[in-house]
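An overview of the molecular structure
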Amino acid sequence: MVFYFSGTGNSLAIAKRIAQRRGEQLVDIAKSLRDKHYSFITAKREPIAIVCPIYYWGLPTVVISFLERVQLPGRGNPFIYAVFTCGGSIGITDRQLTQVLDNRGYELGAAYSIKMPDNFILSFNLLTPESEVPKLLEQAYARLEHILDAVEVRRSVEHLIHRGRFPRMASTFAYPIYKCGRSTEPFFTNSSCNGCGQCERNCPIGAIKLFDGLPTWITTHCVLCLACLHRCPQKALQYGEKTSSRGRYVHPELK
Ligand SMILES: Cc1cc2nc3c(=O)[nH]c(=O)nc-3n(C[C@H](O)[C@H](O)[C@H](O)COP(=O)(O)O)c2cc1C
Ligand code: SF4
Ligand code: SF4
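Calculation rules
- Residues numbered from 1 in each chain as written.
- Chains lettered and ligands numbered in written order.
- Predicted model: local features only at pLDDT ≥ 70, side-chain atom pairs only at ≥ 80, totals over all residues.
- Helix = DSSP H or I, 4+ residues; strand = E, 2+ residues; numbered from the N terminus.
- Rg over C-alpha atoms; globule rule 2.2 N^0.38 Å.
- Buried ≥ 20, exposed ≤ 12 C-beta atoms within 10 Å, placed from the backbone.
- Contact = placed C-beta atoms within 7 Å.
- Near = placed C-beta within 6 Å.
- Nonpolar A, V, L, I, M, F, W, Y, C, P; charged D, E, K, R; others polar.
- Domains from an automatic or database assignment.
- Pairing = 2+ DSSP bridges.
- Core = buried A, V, L, I, M, F, W, Y, C linked by C-beta atoms within 7 Å.
- Axes fitted to C-alpha atoms, helices over the stretch in contact; angles between N-to-C directions.
- Arc of directions from axis to C-beta.

**Some thoughts on the overall build of the chain**
When helices and strands are tallied, the chain shows eight helices and nine strands. Its C-alpha atoms give the chain a radius of gyration of 18 Å, within 12% of the compact-globule value 18 Å for 255 residues. In terms of its C-alpha atoms, the chain occupies a principal-axis envelope of roughly 55 × 40 × 35 Å. Counting the 255 residues in the chain, one finds 38% classified as buried. For the chain, contacts bridging at least 24 residues in sequence account for 75% of all contacts bridging at least 6.

Rendered as structure tokens:
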């Protein structure tokens with residue numbers, strides 16, 4: 001079984017490939033939370049994958065909320081593994097996930113990471129030029145093959161995880177900024193907004209509603225997945241003053 005969360009499609013593309021290759025069910029974490037669907041049945045000895053992006057060297061809040069509620073098949077100790085997609089490195093997110101699972105009586109068996117196009121445009125511009133995206137994605141899928149080999153034998157492999165420099169420091173100092181931040185206040189739309197409603201449909205937590213054809217944020221905080229920002233066809237959606245001059249990224253399979 002493959003549980004995934006994705007804002008701009010990288011993690012979805014990886015999760016889909018894992019599910020297809022292994023002939024397993026794909027489960028959208030955000031949808032399960034919205035539907036309050038927390039109970040799942042897996043085949044005997046079927047491994048459980050958790051696939052998600054890295055946010056501020058830690059876990060997306062929505063993934064934690066889901067794992068705090070989900071009932072995983074406990075009998076026979078299923079092999080639980082994580083595949084993180086990131087723009088550069090994961091810090092010690094695997095340890096954070098170990099803790100979250102441990103609180104529920106589950107064990108993280110292995111964690112892997114895959115570098116994909118970085119979609120964090122709140123502090124700097126896109127890191128991967130559009131022309132280099134296909135090559136980076138090709139490398140990502142090649143790495144996934146090695147990860148799937150490791151999953152087959154239920155093994156952690158040190159070189160299949162990018163921790164980056166000073167991983168503990170990165171996660172310890174950056175993650176609280178995310179956890180205590182995530183305000184929806186800086187979101188606004190400019191005059192190019194045509195009221196198409198894509199942002200409302202694409203928000204994984206239903207934080208956006210259209211009123212009189214204009215997107216309005218109905219929650220004070222959100223996951224900060226940036227799906228609304230990157231997937232607006234008019235590039236009308238901004239977060240603070242800096243994003244209007246920055247690029248947008250959507251995985252090709254979501255376009
Ligand atoms: C709010 C936010 C914070 C991020 N923080 C990190 C980070 O700490 N390290 C990193 O390597 N990538 C970071 N990224 C980049 C994403 O992890 C990466 O682009 C990921 O593949 C996006 O997955 P998705 O397309 O499934 O949403 C961040 C992205 C966002 C939106
Ligand atoms: S997706 Fe963009 S254009 Fe469409 S309603 Fe939202 S902000 Fe407006
Ligand atoms: S409001 Fe935008 S950034 Fe926040 S969760 Fe929804 S889609 Fe993601």
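From this point, the discussion proceeds with the structure in view.
**Remarks on the site of ligand 3**
Near ligand 3 lie 15 residues; those nearest to it are Cys 203, Cys 222, Cys 225, Ala 227 and Cys 228. Among the residues forming the shell around ligand 3, the class breakdown is 12 nonpolar, three polar and no charged.

**Some remarks on the domain arrangement of the chain**
Entries for the chain in the domain assignment read domain 1 (2-178) and domain 2 (187-254). Contributing elements (two or more residues each) for the side of domain 1 that touches domain 2: helix H1 (10-22), helix H2 (29-35) and helix H3 (61-67). When its residues are assigned to classes, the side of domain 1 that touches domain 2 shows 10 nonpolar, seven polar and one charged.

**Looking at the site of ligand 1**
Neighbouring residues of ligand 1: 25 residues in total, closest Gly 7, Asn 10, Ser 11, Pro 53 and Cys 86. Listing elements by their share of the shell around ligand 1, those giving two or more residues are H1 and strand E4 (80-86). The biggest single contributor to the shell around ligand 1 is H1, with three residues. Tallied by class, residues from the shell around ligand 1 come to 12 nonpolar, 12 polar and one charged. When we break the shell around ligand 1 down by domain, the ones giving at least three residues each are domain 1 (2-178) and domain 2 (187-254).

**A few points about the pairing of strand E8 (residues 214-217)**
Inspection of the sheet shows strand E7 (residues 208-211) paired to E8 by four bridges, in the antiparallel sense. Within the sheet, the bridge partner assigned to Phe 211 lies in E8 and is Leu 214.

**Observations regarding the nonpolar core**
Among the nonpolar cores identified, the biggest contains 64 residues, and Val 2, Tyr 4, Ile 29, Ala 49, Val 51, Val 83 and Ala 111 are the most heavily contacted of them. In terms of residues, this core owes the most to one element, E4, which gives six residues. Each residue touching Ile 29, except ones within four places of it in the same chain, is listed here: Phe 3, Tyr 4, Phe 5, Val 62, Val 63 and Phe 66.

**Quick word on the sheet that holds strand E1 (residues 2-4)**
With respect to topology, five strands assemble into an open sheet ordered E2-E1-E3-E4-E5, the strand pairing being parallel. Every other strand in the sheet has two partners, leaving strand E2 (26-28) and strand E5 (108-115) as the edge strands with one partner each. In this sheet, neighbouring strand axes are inclined to one another by 20 degrees on average, regardless of whether the strands run parallel or antiparallel. The pairing of E1 with strand E3 (residues 48-53) spans three bridges and is classified as parallel. Among the inter-strand pairings, Val 2 is bridged to a residue of E3, identified as Ala 49. Seen against the sheet, H1 touches E1, E2, E3, E4 and E5 and runs at an angle of roughly 160 degrees to E3. Against the sheet, helix H5 (residues 133-152) touches E4 and E5, its axis set at about 170 degrees to E5.

**Structural notes on helix H4 (residues 93-103)**
Three or more residues of H4 are buried, namely Thr 93, Asp 94 and Leu 97. The buried residues of H4 occupy one face: seen down the axis, they fall within an arc of 100 degrees. For H4, the exposed residues lying more than 90 degrees away from the buried face are Gln 99, Asp 102 and Asn 103. As for H4, its buried residues are in contact with E4, E5 and helix H6 (167-179). A positive backbone phi angle near 85 degrees is found at Gly 105, which sits one or two residues after H4.

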